[in-house]
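# Inside the fold
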Amino acid sequence: MMATMRPLIAICGTTGVGKSKLAIELALALSHPSSSHPWRGARIINADAMQVYAGMDVITNKVPESEMQGIEHSLMSFKKPGEQYVVGQWVQDAMKIIDETHSRNQIPIVVGGTSYWIQHLMFSDRLASDEVDLGSVTASESLAKSLSSLPSELLEIYNTLPEHASDALDPPAALQLHTLLSALDPTVAARWHWRDTRKVLRSLRIMKGTGRKPSEIIAEQSETLSSPRYRTLCFWLYADTPVLHQRLNSRVDDMIKQGLLDEISSLRRIACPSGLPETADNVTADYTLGIYQSIGYKEFHGYMSVPQPSKKLFDEAVDQMKSSTRRYAKRQVSWLRNKLLPAVYAANTEANNKPPTPTYLLDATELGDKWENNVLDLGERITQAFLSQDELPDPKSLSDVARQMLTIEAKPTNPAAVLNSRRKAICPVCTVDDAQPVMIEEGREWDLHETSRTHKKLVARAQRIASGVQWQPRREKTTVSDEDEDRMPSETDGLTDALDNLRLSPPIP
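Figured I'd write up the structure that's included with this text. What you see is a predicted model; the values in this text were computed from it and never measured.

The rules behind each value
- Residues numbered from 1 in each chain as written.
- Predicted model: local features only at pLDDT ≥ 70, side-chain atom pairs only at ≥ 80, totals over all residues.
- Heavy atoms only, no water.
- Helix = DSSP H or I, 4+ residues; strand = E, 2+ residues; numbered from the N terminus.
- Buried < 20%, exposed > 50% of the residue type's maximum accessible area, 1.4 Å probe, protein only.
- Contact = heavy atoms within 4.5 Å.
- Areas by Shrake-Rupley, 256 points an atom, 1.4 Å probe, with all protein chains shown as cover.
- Pairing = 2+ DSSP bridges.
- Core = buried A, V, L, I, M, F, W, Y, C linked by side-chain atoms within 4.5 Å.
- Axes fitted to C-alpha atoms, helices over the stretch in contact; angles between N-to-C directions.
- Phe/Tyr/Trp six-rings, centres within 6.5 Å; stacked < 30°, edge-to-face > 60°.
- Lys NZ or Arg CZ within 6 Å of the ring centre and 35° of its normal.
- Salt bridge = Lys/Arg side-chain N within 4 Å of Asp/Glu carboxyl O.
- Parallel < 35°, antiparallel > 145°, perpendicular 65-115°, else oblique.
- Left-handed = near helix turned anticlockwise from the far one by under 90°.
- Nonpolar A, V, L, I, M, F, W, Y, C, P; charged D, E, K, R; others polar.

### Brief notes about the overall build of the protein chain
A count of helical and extended segments in the protein chain gives 19 helices and 8 strands. Relative to its 509 residues, the protein chain shows a buried fraction of 50%. For the protein chain, contacts bridging at least 24 residues in sequence account for 76% of all contacts bridging at least 6. With an accessible surface of roughly 24,400 Å², the protein chain has 49% of that area assigned to carbon and sulfur atoms.

Next up, the structure:
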């Protein structure tokens, strides 16, 4: 199998670590002929969900054309800002370009921060169709039974599902959708936070479009193994957190100088109905769709919606954008360690001798000469050995940080196991308003929650009430703490989970 699999290079990592820089440098190195392999030249394929949109170069952090050094970049700047372009479409487009690139005797280099796109390209049979038929379908026996027992108000919601998640973002509507999903498919409902309207609505639309419960489809999908589509050399560019945070903060400042607010104004004009002033009420873009997920658009919404924005609002927007960027980088690392690495290790274990997806962490913490030594030179040597099918070094031997970050606990990759391992439960102690229950993921998240200051305070209050001690409750704050926000579903990261991997139509080969 290894002999027939074509080579692919994938470069992933957080925002701000130099992924595009490495991709261009490797492509330039491959432009020179080699005596040890037949490949010459390379083509870069964008795997950043925001960089597919034309224009908007600042907010999406595109590499300037002047820095591309003549290397062809594909799947970049070809969609209109108002269009939706999702993972299934990208995988099929990327596969076509990879075929074309191999036919030229060149190496495709996939690079970007949307790691779940890269993962779905590397591995087959785990991707859902993005087209769900909401016409007339026959419900399975199990779903029909659940539908027949629904209260009339929930059945009405099922029959009139909102078109977009943004149509049900207010807490009552969001909770109703989650209650409906809990009644129809409690296994899947336990996976999603009730505020994660996009995932909840997608699960319901899957049911309506296929006539089957998502948990049933996942169970069926789990009966087959996901296999590597290519022989992929994967580079994870990494920078230590304190250094990365400084870079990201500086990047936001630079983006503002380069015209970030002008691009946001352009996006707001697209989102605002023609002829209406660009007020907070009139600019109605869904922050979970398309380019409106870009960090900066939502953060500057308040500042740009008032007639006379103040410096205070501007400074707050800048701080929010920097914070959102840092949080996004944290989620990118989490995806790589919790999703991509387990899939890579499972595939390599199956292969025994030569792993089909060798994965290396390159330490990009320091720039200058250190970049040459720790990133570029290592990357070039490993790439040449990979293409020549020579023996490769142990990935954990490259550096201490590589050994640390590439060492992970065993995690399930089977879709059903993933689904059941990440259940969420309501904390009755912290739920002071039944209309907005507090949901926490079981396991480590729950253990951390029980040690939080808010939980301990509410436990103490409940104990005092139970013991008959007179208690005058203070008005609880309704703002979300940093701890809770870390656990909330993200509107900008684009990261997918088990349900996003449902196969609703014949799989992409």
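### Structural notes on the pairing of strand 2 (residues 42–46)
A large share of strand 2 lies buried, amounting to 5 of its 5 residues. Covered by surrounding structure in strand 2 are Ala42, Ile44 and Asn46 together with Arg43 and Ile45, the residues of both alternating faces. In terms of strand pairing, strand 2 meets strand 4 (residues 107–111) through 5 bridges, oriented parallel. In the strand pairing of strand 4, Arg43 is matched with Pro108. Pairing analysis gives 2 bridges linking strand 2 to strand 3 (residues 73–74), with the strands arranged parallel. If you follow Ile45 over to strand 3, its bridge partner there is Ser74.

### A short note on unusual backbone geometry
For residues that are not glycine, phi is negative in most cases, and the peptide bond is trans in most cases. Positioned with a positive phi, Gln69 is a non-glycine residue whose angle comes to about 55°. Along the chain, the position of Gln69 falls in the loop between strand 2 and strand 3. Relative accessible area serves as the criterion here: at 52%, Gln69 is assigned to the exposed category. One non-glycine residue, Gln389, lies in positive phi territory at about 60°. With respect to the helices and strands, Gln389 occurs in the loop between helix 14 (369–387) and helix 15 (400–406).

### Points about the nonpolar core
Residues Trp90, Leu121, Trp236, Phe300 and Leu340 are the most contacted members of the largest nonpolar core, which totals 63 residues. Ignoring any residue separated from it by four or fewer positions in sequence, one finds Phe300 in contact with Ile256, Leu260, Leu261, Ile264, Phe314, Ala317, Val318 and Met321. If you look at the next biggest cluster of nonpolar residues, it comprises 36 residues, including Met68, Phe235, Ala364 and Val375.

### Observations regarding the side chain of Glu25
When you line up the elements, Glu25 lands in helix 1 (residues 19–30). A relative accessible area of 14% means that Glu25 is categorised as buried.

### Describing the sheet that holds strand 6 (residues 359–363)
Taken in spatial order, the 6 strands make up an open sheet running 3-2-4-1-5-6, and their pairing is parallel. The open sheet is flanked by strand 3 and strand 6, the only strands paired with a single partner. Pairing between strand 5 (residues 231–238) and strand 6: 5 bridges, direction parallel. Pairing of Trp236 across the sheet is with Leu361, part of strand 6. The strands touched by helix 13 (residues 311–351) are strand 1 (7–13), strand 5 and strand 6; relative to strand 5, the strand with the most contacts, the crossing angle is about 155°.

### Quick notes on the packing of aromatic side chains
Enumeration according to the criterion identifies 9 aromatic pairs in this entry. Note on Tyr85 and Trp117: the rings are 6.0 Å apart at their centroids and 75° apart in plane angle, and the pair reads as edge-to-face. In this pair, Tyr85 sits in the loop between strand 3 and helix 2 (87–103) while Trp117 sits in helix 3 (residues 115–122), placing the two residues 32 residues apart along the sequence. Each of the two residues, Tyr85 as well as Trp117, counts as buried. Residues Tyr116 and Trp335 carry aromatic rings whose centres are separated by 6.0 Å and whose planes lie at 65° to one another, so their mutual orientation is edge-to-face. Taken as a pair, Tyr116 in helix 3 and Trp335 in helix 13 lie far apart in primary sequence, 219 residues in all. The class for Trp335 is buried, based on a relative accessible area of 6%. Counting every residue linked through ring pairs, the aromatic cluster contains Phe78, Tyr85, Trp90 and Trp117. The lysine or arginine in question, Lys208, covers the ring of Tyr158, its NZ or CZ lying 5.5 Å from the ring centre. One residue, Arg231, lies across the ring of Phe386, its end atom 4.1 Å from the ring centre.

### Describing the environment of Ile44
One can find Ile44 in strand 2. Residues Ile44 and Thr101, 57 residues apart in the sequence, show an inter-C-alpha distance of 9.6 Å. Apart from residues no more than four positions distant in its own chain, Ile44 is found in contact with Ala23, Ile24, Ile71, Glu72, His73, Ser74, Ile109 and Val111.

### Some words on the pattern of salt bridges
Once their charged atoms are close, side chains differing in charge can pair, the charge on each being opposite to the other. Taken as a whole and judged by the stated rule, the model has 14 salt bridges. A salt bridge links Lys21 to Glu25, with the nearest nitrogen and oxygen atoms 3.0 Å apart. Of the two residues, Lys21 and Glu25 both sit in helix 1, 4 residues apart, roughly one turn of that helix. Asp400 is paired through a salt bridge with Arg403; the nearest N and O atoms lie 2.7 Å apart.

### Details of helix 3
Burial of helix 3 is extensive: 8 of the 8 residues sit out of reach of the surface. Those residues of helix 3 that fall on the buried side of the exposure criterion are Ser115, Tyr116, Trp117, Ile118, Gln119, His120, Leu121 and Met122.

### Looking at the packing of helix 6 (residues 171–184) against helix 8 (residues 197–210)
As a packed pair, helix 6 and helix 8 sit with axes 10 Å apart at the nearest point and diverge in direction by 45°. Accordingly, the angle class assigned to the pair helix 6 and helix 8 is oblique. Between helix 6 and helix 8 lies a crossing whose hand is left-handed. In this structure, helix 6 uses Ala174, Leu177, His178, Leu180, Leu181 and Leu184 to contact helix 8, whose residues at the interface are Thr197, Val200, Ser203, Leu204 and Met207. Considered class by class, the residues forming the contact of helix 6 with helix 8 number 8 nonpolar, 3 polar and no charged.

### What to know about the pairing of strand 4
With respect to burial, strand 4 is a largely interior element, 5 of its 5 residues being buried. By the bridge criterion, 3 bridges tie strand 1 to strand 4 in an arrangement that is parallel. Note that in strand 4 the partner of Ile9 across the bridge is Ile109.

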